[in-house]
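Working through the structure, step by step
So the chains spell out like this:
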Amino acid sequence: MSNAPHEEGWVKKYLWSTDHKIIGFQYLFTGMAMALLGGFFAYAFRMQLGFPGKSVPGYGLVSPNEYNALVTNHGTIMIFWFAMPVLIAAFGNFLIPLMIGCDDMVFPRLNRLSYQIFLLSAVILIASFFVPGGAFGGAWTAYPPLSAKHQYSLTPAGATFWLLAVALEFVAFLMGGINFVTTVMNSRAPGMKWHQIPVVIWMIVVASIVFMASVGPLVAGAVMLLFDQQFGTGFYDPVRGGDPILWQHLFWFFGHPEVYVVLLPAVGIVIDVIAVFARKKVFAYKTVLYTAFATGILSFFVWAHHQFVAGIDPRMANVFTATTVLISVPIAEMIFVTIATLYGGSIRLTTPMLWALAFVAEFLIGGVTGIYLGSSGSDIYFHDTYFVLAHFHYTFVPIAVIGSFAGVTYWFPKMFGKMLDEKLGKLHFWATIIPFNFIFIPLFITGAAGDHRRIHDYSRFPDLARADLQNLRAIATVATVAMLVAQVIFFYNFFKSMKSGKRAGNNPWNANTLEWSAASPPPHGNFEVLPTVYRGPYEYSAPGRESDFWPQDEPPDGETEPAQEAAE
Amino acid sequence: MSKPIATTRSATGIPTGRLAVWWVIASEIVIFGGLLASYIMHRLGHPEFGDYASHTNTWIGAFNTLVLLSSSLSAVLAHQAAERKDGERAAKLLGLTMLGGLTFAGVKAAEWTMEISSGFTLTTNAFWSFYYTAAGLHALHVIGGVVIMGFVARDAAQGKELQRVELIGNYWHFVDVVWIFLFPLLYIAK
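Values in this document were obtained by computation on a predicted structure and should not be read as measured data. Numbers given to residues run from 1 along each chain, matching the order in which its sequence is written. Numbering of ligands from 1 and lettering of chains from A proceed in the order in which they are written. In keeping with the predicted nature of the model, local features appear solely for residues at pLDDT of at least 70, side-chain atom pairs appear and are counted solely at 80 or more, and the whole-chain, interface and lining totals rest on all residues. Note that water and hydrogens are dropped before the side-chain values are worked out from all heavy atoms of the structure.

1. What about the overall build of chain A?
- Working definition: helices are DSSP H or I runs of at least four residues, strands are E runs of at least two. Numbering for both runs from the N terminus. Tallying secondary structure elements over chain A gives 15 helices and 0 strands in all.
- Relative to the 2.2 N^0.38 estimate, which gives 24 Å for 568 residues, the radius of gyration of chain A is 24 Å and therefore close to what a compact globule would have.
- For chain A, the spread of C-alpha atoms along the principal axes amounts to about 80 × 50 × 50 Å.
- Buried residues are those whose accessible area, probed at 1.4 Å on protein chains only, stays under 20% of the maximum for their type, while exposed residues exceed 50% and partly exposed ones sit between those limits. For chain A, the residues scored as buried account for 62% of the 568 residues in total.
- Taking contacts inside chain A between residues at least 6 apart in sequence as the whole, the part at least 24 apart equals 81%.
- Areas reported as accessible are Shrake-Rupley estimates using a 1.4 Å probe. Residue values count occlusion only from the protein chains shown. If you sum the accessible surface of chain A, you get close to 21,400 Å²; carbon and sulfur atoms cover 69% of it.
- Averaging the locations of the 32 positively and 35 negatively charged side chains of chain A gives two centres separated by 5 Å. For a compact globule the rule gives 2.2 Å times the number of residues to the power 0.38, and the radius of gyration it is set against comes from C-alpha atoms. By definition in these notes, contact holds between two residues if any of their heavy atoms fall within 4.5 Å. In this tally Asp and Glu are treated as negative and Lys and Arg as positive; neither His nor the chain ends contributes. Each charge is placed at NZ for Lys, CZ for Arg, CG for Asp and CD for Glu.

2. Some points on the overall build of chain B
- For chain B, the helix and strand inventory stands at 7 helices and 0 strands.
- Starting at the N terminus and walking to the C terminus, you meet the elements of chain B as α-α-α-α-α-α-α.
- Projected onto its principal axes, the C-alpha coordinates of chain B cover approximately 55 × 30 × 25 Å.
- For chain B, the proportion of contacts with a sequence separation of at least 24, taken over those separated by at least 6, is 77%.
- Taken as a whole, chain B presents about 8,600 Å² of accessible surface, with 69% of it coming from carbon and sulfur.

3. Some remarks on the interface of chain A and chain B
- Taken residue by residue, the interface counts 47 residues in chain A and 34 residues in chain B.
- In short, buried area is how much 1.4 Å probe accessible area vanishes from two parts on joining, totalled over both. Carbon and sulfur atoms supply 70% of the area buried between chain A and chain B, which totals about 3,300 Å² over both sides.
- Considering only the side of chain A, the residues that lose the most area to chain B are Met-185, Asn-186 and Phe-235 of chain A, jointly responsible for 18% of the buried surface there.
- Contacts described as polar in this section are N or O atom pairs within 3.5 Å, which, within protein, must combine one atom able to donate a hydrogen with one able to accept it, while residues neighboring in sequence count only if both atoms come from side chains. Our count for the chain A to chain B interface comes out at 14 residue pairs in polar contact (both at pLDDT 80 or more).
- When residues of the side of chain A that touches chain B are assigned to their parent elements, the largest contribution, 10 residues, is made by helix α7 (residues 199–230) of chain A.

4. Topic: helix α6 (residues 156–186) of chain A
- Across its 31 residues, α6 of chain A extends 46 Å between first and last C-alpha, which sits within 8% of the 45 Å expected from 1.5 Å per residue.
- Of all the 31 residues making up α6 of chain A, 23 are buried; the element is thus mostly covered by neighbouring parts of the structure. By definition here, a helix of n residues has an expected span of 1.5 Å times n minus one.

5. Side note on the packing of helix α11 (residues 351–374) of chain A against helix α14 (residues 422–448) of chain A
All names here are of chain A.
- Axes here refer to lines fitted to C-alpha atoms; in helices the fit is confined to the stretch in contact. Angles between the N-to-C directions go from 0 to 180 degrees. At their nearest, the axes of α11 and α14 sit 10 Å apart, and the two run at 10 degrees to each other. Here α14 runs roughly parallel to α11, going by the angle between their axes. Between α11, through Thr-351, Pro-352, Leu-354, Trp-355, Ala-358, Glu-362, Ile-365 and Thr-369, and α14, the contact on the second element is made entirely by Glu-422, Gly-425, Lys-426, His-428, Phe-429, Thr-432, Ile-433, Phe-436, Asn-437 and Phe-444. If an angle is under 35 degrees, it is roughly parallel; if it is over 145, roughly antiparallel; if it lies from 65 to 115, roughly perpendicular; otherwise it is oblique.

6. Structural notes on a nonpolar patch on the surface
- Patch rule: a residue counts if its relative accessible area is over 30% and it has no salt bridge; like charges are joined within 9 Å, and nonpolar side chains (Val, Leu, Ile, Met, Phe, Trp, Tyr) within 5 Å. Salt bridge, as used here: a side-chain nitrogen of Lys or Arg that lies within 4 Å of a carboxyl oxygen of Asp or Glu. On the surface, Trp-10, Val-11, Tyr-14, Leu-15 and Trp-16 of chain A cluster together into a nonpolar patch covering about 580 Å² of accessible area.
- By secondary structure assignment, the location of Tyr-14 of chain A is in helix α1 (residues 10–15).

7. A closer look at the pattern of salt bridges
- For the coordinates displayed, the defined rule picks out 17 salt bridges over all chains.
- The partner of Asp-548 of chain A in a salt bridge is Arg-279 of chain A, and the shortest N-O contact between them spans 2.8 Å. Of this pair, Asp-548 of chain A sits in the segment after α15 (467–500) while Arg-279 of chain A sits in the loop between α8 (244–278) and α9 (285–298), and the two are 269 residues apart along the sequence.
- Overall, the relative accessible area of 23% leaves Asp-548 of chain A in the partly exposed class.
- Taking the shortest distance from any N to any O, the salt bridge between Glu-422 of chain A and Lys-426 of chain A comes out at 3.6 Å. Pair noted here: Glu-422 of chain A and Lys-426 of chain A are both in helix α14, with a separation of 4 residues, about one helical turn.
- You can call Lys-426 of chain A partly exposed: its relative accessible area is 30%.
- Within the structure, one salt-bridge network assembled from shared partners comprises Lys-3, Arg-154, Asp-155, Glu-161 and Arg-164 of chain B.

8. Some words on the confidence of the model for chain A
Residue and element names in this part refer to chain A.
- As a per-residue quantity, pLDDT reports the predictor's confidence and falls between 0 and 100. Summarising the model, chain A shows a mean pLDDT of 94, and 97% of its residues fall at 70 or more.
- Of all the helices and strands in chain A, α1 carries the lowest mean pLDDT, 79, while α14 carries the highest, 98.
- Here residues 1–5 scores under 50 on pLDDT; set against residues more than four positions off or in separate chains, the count is 9 contacts.
- Scored below 50 in pLDDT, residues 563–568 makes 11 contacts in the model with residues more than four places away or belonging to other chains.

9. Focus on the packing of helix α13 (residues 386–416) of chain A against α14 of chain A
Residues and elements named next belong to chain A.
- The interhelical angle for the contact between α13 and α14, taken along N-to-C directions, is 165 degrees, at an axis separation of 7 Å. Here α14 runs roughly antiparallel to α13, going by the angle between their axes. Crossing hand, α13 versus α14: left-handed. Contacts between α13 and α14 involve Tyr-386, Phe-387, Leu-389, Ala-390, His-391, His-393, Tyr-394, Val-397, Pro-398, Ile-402 and Phe-405 from the first element and His-428, Ile-433, Phe-436, Asn-437, Phe-440, Ile-441, Leu-443, Phe-444, Thr-446, Gly-447 and Ala-448 from the second.
- Three classes are used: nonpolar for Ala, Val, Leu, Ile, Met, Phe, Trp, Tyr, Cys and Pro, charged for Asp, Glu, Lys and Arg, and polar for all others, with Gly counted as polar. Looking at side-chain class alone, the contact of α13 with α14 contains 16 nonpolar, 6 polar and no charged residues. Note on convention: the crossing is left-handed when the near helix lies turned anticlockwise from the far helix by less than a right angle, right-handed when the turn is clockwise.

10. Side note on unusual backbone geometry
All names here are of chain A.
- The omega torsion of the bond from Pro-144 to Pro-145 falls at 5 degrees, within 30 degrees of zero and hence cis.
- Inspection of the secondary structure assignment puts Pro-145 in the loop between α4 (108–127) and α5 (150–153).
- The omega angle of the peptide bond from Ser-520 to Pro-521 is -10 degrees, so this bond is cis rather than trans.
- Along the chain, the position of Pro-521 falls in the segment after α15.
- Phi angles above zero are rare outside glycine, and Leu-154 is one such case at about 65 degrees.
- For Leu-154, the position within the fold is in the loop between α5 and α6.

11. Concerning the packing of aromatic side chains
Residue and element names in this part refer to chain A.
- Side-chain rings of Phe, Tyr and Trp (the six-membered ring for Trp) are treated as a pair once their centres are within 6.5 Å; stacked means planes under 30 degrees apart, edge-to-face means over 60, and tilted covers the remaining angles. This model, assessed by the stated rule, comprises 81 aromatic pairs over all chains.
- Considering the side-chain rings of Phe-412 and Phe-416, the 4.9 Å spacing of their centres and the 50 degrees angle between planes classify their relative orientation as tilted. With Phe-412 and Phe-416 both in helix α13 and 4 residues apart, the pair spans about one turn of that helix. Neither residue differs from the other here; Phe-412 and Phe-416 are each classed as buried.
- On the basis of an interplanar angle of 75 degrees and a centroid distance of 5.1 Å, the ring pair of Phe-494 and Phe-495 is categorised as edge-to-face.
- For a lysine, the NZ atom is tested; for an arginine, the CZ atom; a charge sits over a ring if that atom is within 6 Å of the ring centre and within 35 degrees of the ring normal. Against the face of Tyr-458 rests Arg-473, its NZ or CZ located 4.0 Å from the ring centre.

12. Focus: the environment of Ser-404 of chain A
Residues and elements named next belong to chain A.
- Tracing the sequence through the fold places Ser-404 in helix α13.
- Among the residues examined, Ser-404 registers a relative accessible area of 5% and is labelled buried.
- Here Ser-404 is in contact with Phe-82, Val-86, Leu-87, Phe-91 and Ile-399, once residues within four sequence places are set aside.

13. Some remarks on empty space enclosed by the protein
Residue and element names in this part refer to chain A.
- Cavity means a closed set of points on a 1 Å grid over the protein atoms alone, one where a 1.4 Å probe fits but cannot get out, pocket means an open set with protein on both sides within 12 Å along at least 5 of 7 lines, and lining means a residue has an atom within 4 Å of a point. Grid points are joined across faces, edges and corners, and a volume is the space filled by probe spheres set on the points. Tallying each qualifying case throughout the model produces 6 cavities of 30 Å³ or more.
- When its volume is computed, the largest cavity comes out at roughly 70 Å³.
- Around the largest cavity, the lining residues are Leu-263, Val-267, Val-270, Ile-331, Met-334, Ile-335, Thr-338, Phe-359, Val-360 and Phe-363.
- Elements with a minimum of two residues in the lining of the largest cavity: α8, α10 (314–342) and α11.
- Considering each element in turn, the lining of the largest cavity owes the most residues, 4 residues, to α10.
- Tallied by class, residues from the lining of the largest cavity come to 9 nonpolar, 1 polar and no charged.

14. Some remarks on the nonpolar core
Residue and element names in this part refer to chain A.
- Definition of nonpolar core: a set of buried residues of the types Ala, Val, Leu, Ile, Met, Phe, Trp, Tyr and Cys, connected through side-chain atoms within 4.5 Å. Counting 247 residues, the largest nonpolar core has Trp-81, Phe-359 and Trp-411 as its most contacted members.
- Ranked by the residues each element gives to this core, the list is headed by α8, at 23 residues.
- Discounting chain neighbours no more than four positions away, the residues touching Trp-81 are Gly-31, Met-34, Thr-76, Phe-118, Ser-121, Ala-122, Leu-125, Ala-165, Val-166 and Glu-169.

What follows is the structure, given as structure tokens:
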């Protein structure tokens, strides 16, 4: 295979490419575009909640049906079309071959097909807003009977479009996941042992396996829901021998592991970034891996904590309370690892490092409030309130937004060969983080005061239509607008630096992992000579060495370059 | 398109294609697993499913079981031939397996026509909904397998990509095993 540059048409190079880096960019840009859409939805429904009944600038009046469609698709988009494509597919595609030292994924054409199916799924989801009856509004969890019967959902076409889009997205990620796992298993650079694989790659692999093992029942469940919607079967209809709770089990058997599917890659990014900018070896590398495995396995035994009020057996609720509280042990362990890695390091507060540190601090709030919800006693009170909403935004925003920004700002020099502007980067960081807390801390309070999640206008509920609560809702809304506006700084920095940023060179951060020994941006085929690995990825500040980093592919002193792998 | 070097590496010692097919099968197991677990939960909660199941035709089901299991034999023999680099023989044997798959699908179509004309449709009740959904999803896998096998056999006949004969065989055995669960659950347990 030759790395000689050859002219390719724009379509072949950017739209029909099998190059893992281009496919990573396709996922990245599609994910960012969908995040903007999801953000716009949040703007529209938050305006309705903060200033009920007023026409929203740039949107108009938010009717109750539209409100339902907006919150449903905000959730669906942020999980399936933003967090997953950016954290798993974009970083997975871009990083896996580069960080394990090979030239591409093992199945490049399967990779291309996976993105194309993903793109189709996004198109179908957006199309659902333009069909008669409008987009689906039955929440991202799509509980039947609301989702199964048109006379309830009032969106005969929208509900089915939504379901098809989600099912196709699953197919795309199954294909991608098989590719990721097989590539990491088989195509590592010579010499790279399993405990020399960077944490972020391990996390993407564990996430892909957890996804693969949990999504199957929901694929079957989606087929059944589709039949209920379109052919009038009664899988979820108790009158006809079905069971609506069945969907809740199938959905959450996937839905809760899904939290860890997106969490683990974000933790991986954060740990890698922290090691580089603390100039210190990751504390307890192997323990991090075992904790990730433990999290993956435990995540299959916690799902019914979403169903404490669904009439499940209280004895079963006790079991799921225990497993849920148990899973905070490995997660806390990962947080401690990041803190222990920082301890005694020589910390550099670059933009990616700020994001990584913010992840640790903010995710902690999400994790701690989760304990209240995992315990059935308090969950019965908090169920379906804004307390739940604030809790999971304190987990998902650190994961999807903060984690992605940590990754994008860290790998941007490798992706585009230019440095991002640090000043703008830090400005964007603070302009995002401060409003983020101003959105969700007030919502913990309104939630604890009894604000139910799925209310279009609180003025019809005298107990909740109080001025103090309404002020908190308005603060959250203003902060949402501020956080969204702050993203202008990011996009300006992103595209301006891509064009006219400072040249990055191969290894601007003095990092050890293999991607930094390739050119920036890496050419087709990635490496001039495919690397050989001699040591683990985190040999920073090794005693007795002059430089404080030690690239994985640098031959030990006194040894010459070994015979390179013959190009087949 | 030439294959990337990544595709030719094998850090585990297991060929990449075989590894990937096992992951495909693993992800399929949980799809069918979820569907069958849902069915079994319903079956346990609804004794009347037994009465509905008595309308299924055990003899047709048994005949199809025989056809599908026999078709796996020629898939194994094809693998053997491919190991000996006898691509032409492997292609012929795969053809035999495809014939088995097509017979299975044809018999299934005739069986469903009979059921539907006697009034047992997808929407009759939850049992028949599961019956058509589970057997239908399985039948799609049979048809998909036959199509892919056609491509593998075409290449094998020219001596190309012979390792794929084993891979499609593994997939075919998986489709068999799913049917071995479906047959007793839908036909025999009355």
